[in-house]
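Working through the structure, step by step
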Amino acid sequence: MSNQGSNERFWENFHGPNMGYIEEQYEQYTNDPSAVDPTLKEMFDEHGAPDWMAGDTSVKTNGAVSPTDKDISKVTSAIKLVEAIRRHGHLQANIYAVGSYDRPTTNLLDLETYGLKEKDLEEMPAEWVWPDSPLKLQNALQVVNTLKERYAGTISFEFGHVYNEDERKWLQEKVDTGSFRVSLSNEEKKQLLRRLAAVEGFENFLGKTFVAQKRFSIEGLDVMVPMLDHIIQLASGDKIKNIMMGMAHRGRLNVLAHILGKPYERIFSEFHHSPDKELVPSEGSTGINYGWTGDVKYHFGARREIENGQQSATRVTLSHNPSHLEYVNPVVEGFTRAAQDDRSEPGYAQMDKDEAFGLLIHGDAAFIGEGVVAETLNMSDLPGYRTGGTVHIIANNLVGFTTNRKHGRSTRYASDLAKGFEIPIVHVNADDPVACLSAMALSYEYRQKFHKDFLIDLVGYRRFGHNEMDEPRATQPRLYSEIDEHPTAAAVYEKTLQEESIVEDGTLDDMKEKVEEELREIYNNMDEHEATAADVKDRPSGVERPLDEIETAVDLERLRGLNEGLLKRPEGFNGFKKLEKILQRRGKMLEEGQKVDWATAEALAFASILEDGRPIRITGQDTERGTFAHRHMVLHDVETGETYCPLHGLEQANASFDIHNSPLSEAGVIGFEYGYSVQAPETLVLWEAQFGDFANAGQVIFDQFISAGRAKWGEKSNMIFLLPHGYEGQGPEHSSARLERFLQMGAENNWTVANVTSSAQYFHLLRRQAAISDREEARPLVLMSPKSLLRNQRVAVEGTHFSEGKFQPIMRQPGLTKEDDKAREKVKTLLLGSGKIMVEIEDTVENADQSFETIDAVRIEQIYPFPEKRLAEILETYPNLEELVWVQEEPQNMGSWYFVEGILHKLLKGDQIHRYVGRPHRASPSVGEPNIHKTEQNRIIHEALQMSKGGNSNEGN
C-alpha cells in the first residue's frame, strides 16, 4: 500500500526558509544519516526526500529567498528544546508536594539555553518541531508549552535509558498523546475523595485511640491505597489469578485494612496488650495463618479473593515482611514465579506470565541503599527467575528515618538504580491522585504489553516521624515546618473538586465524620475481657513429629530402570566424549559388587521423586554442572551448543524438573527460592551454594524467613540448602559452611541440619524431604554437602543400601565398630563426630599398624534435631565406657561442639567425662596454607585415636 499521498501532505507543511533548511539537512542525510539531528533522521527515514526536491529546487515557494544560517539555527534549537523537554522534563516537574527547596536547579528546559525567545517560537509552525502532533497546534511555542504540561507537570517521565526502540516509541506516544491518563466521571471523583477520606480517617482514629503506639502511618502517601485499588481492578478485569505484593512498614496497616480487607477489629485488637480485645469474626480478608510466636502487627501479611467472574477470582497476597525491609522483594518474586509455573509435565516448568504478577512497594532510602534491591532487579529477565514484569512503587517520603537525601544516596533520585536495568520510571506528585492513578494505569499496561518491570516514584512526604513516637522536627526542622502547614491529600483534592463544582465546601469533613463514627462503633462493640499474660501458642502437631519413620527405599529394579533412562540421549546429540565416558560408567553402579557414588545417588533420588509425581527445582551458581564437576545435569552438544537434561527425557518422569544456573547472588536468589517453596509447597526446591559459607551473604533470609518464618507467620517450607563443607586446605572461604550458625538457630524443629557421609544417606534424605512436601511435617533441610568426598569411594555404597532401609540419624563408624558384646566391654572411649573428619578417621584406622580395642566410634549424621534417644541406647551397650570424645575439624568456637556439649553432658553416667578434640578457638574458620592445614588435620585424627602425634602445627598448637 503506497503512502505517497500522505508524504505529499506532510511536506506541504514546510514553507519559505524552512524548505531551504530541510533541503540542506536532507543532503547531509543522504551522505551520512547520523550527521543530522535524530529527529530529522527519523523524519527522513519515514517520509523520504521532500517532494519539491524531485523538481526544480531553485524555485522557491511563495517567492521566499534561501534561508539564512540564523533561521536554520533557530529551527535546530527549537527541535533540541522539544527533545530536552521529553528527556529532561522531570527536572522541572511539579512532583514535590513539599520539600522542593532542596531540589537541584537546571536550565535544560529554558528557552535562553537554546538561544530562543518566545517570538522565535511563535513565528515557527508547529509541524517543524512536532510533525506527528496529535493536537492542532499553531506554532512551536504552543508545542513547547503543551509538552511541558505533558512531561513536566505533576507527573514526569524517564525512559531515555530504555534502549528497546519499540518500547521507547510506545512510551513516548503514550505521553505525547496523553492516552494513558485516567479519565474519571464526577461520581468516580467523589468516590476517590471518599477513599482518601477513609485512608486519612483510619490513621486519625488509630492516632487518637492508640496514642504513641507505632503504626508507621501512610499520611503523606495516602494516594497509595487508591493506586492499589486501581491496578487490582485492572488485573481483575483481565482475570489475572494472583497479585503478589510486598511492602515495608509505611502504610501497611492501611493497606491491610483497605486493600486486603483485614477486619478493623482485628487490627484494633493487635494494638491492645492488656486488657485485651477479643477478635470479633468478620468477613473480608482470608488471612494467612500466623505462627505460634507471632510478630508485631506491621509485619503481618494477608490474602484476599476478589471476584472477577462467576468461576474466577483474583487473589491478592501481601507477604509477611520483617524489619529488614527490602529482603521481601526476592521472596515475592519467588511467590510470583511459582504461581506462574505449570509443573505437571516433565521437562522445564511451563511459565504463563499472565497467571500472576508482582507488585513491590519500596522505601526511598531503602530502594537505593539496600543491595538486595539490585540483586532482585538483576533477576528480572533471567530465564530461571523472570516473572514477566513487576510493578515497583517507591513510597518516597523524602527522608530515611532521620537521614536526609544528600546523606542517603549519591544519585539525584532514589529511582536511579532502575536505569541500569532499563526500567521506565515515572515520578508523580502524591498530592495529585488522578495523576497517580494514571501512572498506575501506564505501569500496568506496559507490564502487560512488554512483560517487563516498571517503576513509579511516588513523591510525597511523611506527616509524622519515622514512627509515631519519633520527633522529626529535631532533625528536619525546615521540612516539617512546611509539612505542618501543608493540607492533607484529601483536602488538596477536595479543593480541586470544589473548583470543578463537583463537591461543596464541607464535603470532606462530612466524609471523615462518617469514617470516625463507623470506626468508633466497631471499636466500642468489641468484647473486652481481662486477659492473662500472653503466652506462646501451641505448635502444630506436625512440627513436633520426628521424621524417622518415613520410608524412602526404592526397589532395585526400579532404580536400574531409572538409571538406564538417565543414560539415554536424543538422536543426533553430540555429547562431550570425555564426559560421556564418565557418565556411562554410572550404568554399572547398581550391579552386584559395584558401588553408587554421590552424584549418581542424587540423580537416582531426583529421578525417583519425579516418577512419584513431585516437581523439583534446583538452582545455584554453576549448579547445572556442579561447582566440583560432579553433577552434569545439563549436557551441551559440542557441535551445536544445544543443551539436554537427562531428567527431561526420562520416560518415567511425571512432573517438571527445573534446573538453572543462578546469577552471582545469594540473598536475592535464596529469597526467591524460599518464596517459590512457600507458594509451591508440593515442589522440592533446592539451592546450592558454590561454597558453603557463601550462604553468609544471604544471612538475613536465613534469620528472618527460613529459620523463623513458620514460628512467626505460619509460613511452611521444605526447601533444601546444599552447602559444600569440609576442611581440605583451601582457605577460610572454602572450608566451613558455618555449621554453628544453623545449629544455634535450631529450635522447635524449625529445620533439619545434617552432615552425611554416605551416598545412600543423601539419597534417603532427599527422598524424605520430598515425602514431607506440603505436609504439616514440612521443614527446611540444611545439608553440609561434601567437596572431596563427592568422589571418595568410602562414601559410595552398594545398591542394596538404596533399596533397603532409610535415613539413619546415627551410623556406626566403619572400621572401628565393635560388633559383639565382648568387644564392647573393652571400649573406654567412644568417638563422636560428623562429616569428612570421620571418613578420614576411617581411612587412618584402615591403614594403621595398631589395633584400637579400647576405642569405638559413631557418626552423627543428623545434628539437629539431635538423635539423643538413639545415642543413649548406643551408650548403654558399652559397660566400661569412660569418656565421650567429640571430634570435629572446625575450630572449637565453631562447628558442632558448643551445640552438642550440653547434650553429651546430660548423657554421662557416674565418672564418665566428655571432651573435645579439634582445632582450638580461632577467629578465622581455617588457615590459608595447605601444609599447615595438613599438619593440623593429622594432629586431630591422631589425638582422637590416641596415636602418636601427627606433627606440630605452625599455628602454635
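Residues numbered from 1 in each chain as written. Predicted model: local features only at pLDDT ≥ 70, side-chain atom pairs only at ≥ 80, totals over all residues. Heavy atoms only, no water.

**Overview of the overall build of the protein chain**
- Secondary structure assignment for the protein chain yields 35 helices and 28 strands.
- Each principal axis of the C-alpha atoms in the protein chain carries an extent, and together these give about 120 × 75 × 60 Å.
- Here the protein chain, with 957 residues, has 57% of them falling under the buried criterion.
- Partitioning the contacts of the protein chain with sequence separation of at least 6, the portion at a separation of at least 24 is 79%.
- Total accessible area computed for the protein chain in this model is approximately 39700 Å², and 45% of it derives from carbon and sulfur atoms.
- The centroid of the 105 positive side-chain charges in the protein chain is displaced by 4 Å from the centroid of its 152 negative side-chain charges. (Helix = DSSP H or I, 4+ residues; strand = E, 2+ residues; numbered from the N terminus. Buried < 20%, exposed > 50% of the residue type's maximum accessible area, 1.4 Å probe, protein only. Contact = heavy atoms within 4.5 Å. Areas by Shrake-Rupley, 256 points an atom, 1.4 Å probe, with all protein chains shown as cover. Lys, Arg positive; Asp, Glu negative; His and termini not counted. Charge placed at Lys NZ, Arg CZ, Asp CG, Glu CD.)

**What to know about the sheet that holds strand 24 (residues 829-833)**
- What the five strands build is an open sheet, ordered 23-25-24-27-28; its pairing is mixed. A strand with exactly one partner marks an edge of an open sheet, and here the two such strands are strand 23 (810-812) and strand 28 (913-919). Adjacent strand axes in the sheet meet at a mean angle of 25° when their direction is disregarded.
- With five bridges connecting them, strand 24 and strand 25 (residues 855-860) associate as parallel partners. (Pairing = 2+ DSSP bridges. Axes fitted to C-alpha atoms, helices over the stretch in contact; angles between N-to-C directions.)

**Observations concerning the side chain of Asp-341**
- Tracing the backbone through its elements, the reader meets Asp-341 in strand 6 (residues 341-342).
- For Asp-341, the side chain forms a polar contact with the side chain of Tyr-676, separated by 2.8 Å.
- When sequence neighbours within four positions are dropped, the list of residues in contact with Asp-341 reads Ala-349, Gln-350, Met-351, Asp-658 and Tyr-676. (Polar contact = N/O pair within 3.5 Å; in protein donor to acceptor, adjacent residues only side chain to side chain.)

**Comments concerning helix 29 (residues 759-771)**
- Along its 13 residues, helix 29 runs 18 Å from first to last C-alpha, staying within 8% of the 18 Å computed at 1.5 Å per residue.
- Judged by how many residues are buried, helix 29 sits mostly within the fold: 12 of 13 residues are covered.
- Within the span of helix 29, buried status applies to Ser-759, Ala-760, Gln-761, Tyr-762, Phe-763, His-764, Leu-765, Leu-766, Arg-767, Arg-768, Gln-769 and Ala-770.
- Where helix 29 begins, the side chain of Ser-758 points an oxygen toward the backbone nitrogen of Ala-760, at a separation of 3.1 Å. (Expected span 1.5 Å × (residues − 1).)

**Let's talk about unusual backbone geometry**
- A cis amide bond, omega -10°, links Tyr-864 with the succeeding residue Pro-865.
- Within the secondary structure, Pro-865 is located in the loop between strand 26 (862-864) and helix 33 (868-875).
- The backbone phi angle of Ser-501 is positive, close to 60°, even though this residue is not glycine.
- Relative to the helices and strands, Ser-501 resides in the loop between helix 19 (489-499) and helix 20 (507-524).
- Phi is positive for Glu-748, close to 55°, though the residue is something other than glycine.
- Its location among the elements puts Glu-748 in the loop between helix 28 (739-744) and strand 21 (752-754).
- Its relative accessible area of 29% is what places Glu-748 among the partly exposed residues.

**Some thoughts on the nonpolar core**
- Counting residues in hydrophobic clusters, the biggest one holds 131 residues, and the most contacted among them are Leu-228, Phe-268, Leu-359 and Leu-458.
- Broken down by element, this core gets its largest block of residues, 10 residues, from helix 17 (residues 433-450).
- Leu-228 has contacts with Met-245, Val-255, Ile-259, Leu-359, Ile-361, Ile-393 and Met-440, leaving out every residue within four places of it along the chain.
- The next biggest cluster of nonpolar side chains, apart from the first, holds 66 residues, and it includes Ala-356, Leu-360, Ala-680 and Val-700. (Core = buried A, V, L, I, M, F, W, Y, C linked by side-chain atoms within 4.5 Å.)

**Observations regarding the pattern of salt bridges**
- Scanning all chains against the criterion turns up 57 salt bridges.
- Two residues, Arg-473 and Asp-484, come together in a salt bridge whose shortest N-O distance is 2.8 Å. With a gap of 11 residues between them, Arg-473 in the loop between strand 13 (454-459) and helix 18 (477-485) and Asp-484 in helix 18 connect regions that are remote in the sequence.
- Two residues, Arg-520 and Glu-516, come together in a salt bridge whose shortest N-O distance is 3.7 Å. Remark: Glu-516 and Arg-520 occur in helix 20; sequence separation between them is four residues, near one turn of the helix. (Salt bridge = Lys/Arg side-chain N within 4 Å of Asp/Glu carboxyl O.)

**A short note on the pairing of strand 24**
- Burial within strand 24 is extensive, with five of its five residues counted as buried.
- Alternating residues of strand 24 divide into Thr-829, Leu-831 and Gly-833 and Leu-830 and Leu-832, and every residue in both groups is buried.
- In the classification by handedness, the crossover that spans strand 24, the intervening helix 32 (residues 836-847) and the parallel strand 25 is right-handed.
- The pairing of strand 24 with strand 27 (residues 883-891) spans five bridges and is classified as parallel. Residue pairing across strands places Leu-831 opposite Val-885, the latter belonging to strand 27. (Right-handed = clockwise from strand over helix to strand, strands pointing away.)

**Some points on a negative patch on the surface**
- Taken together, Glu-504, Asp-505, Asp-509, Asp-510, Glu-513, Glu-517, Glu-518 and Glu-521 make up a surface patch of like negative charges.
- Tracing the sequence through the fold places Asp-509 in helix 20. (Patch = residues over 30% accessible without salt bridge, like charges linked within 9 Å, V, L, I, M, F, W, Y side chains within 5 Å.)

**Notes on the environment of Leu-253**
- Examined against the element boundaries, Leu-253 turns out to sit in helix 11 (residues 252-258).
- For the pair formed by Leu-253 and Ser-834, sequence separation is 581 residues and the distance between their alpha carbons is 47 Å.
- Sequence-distant contacts of Leu-253, that is, excluding residues within four places in its chain, are made with Phe-202, Leu-206, Arg-215, Ile-267, Phe-271, Lys-297 and Tyr-298.

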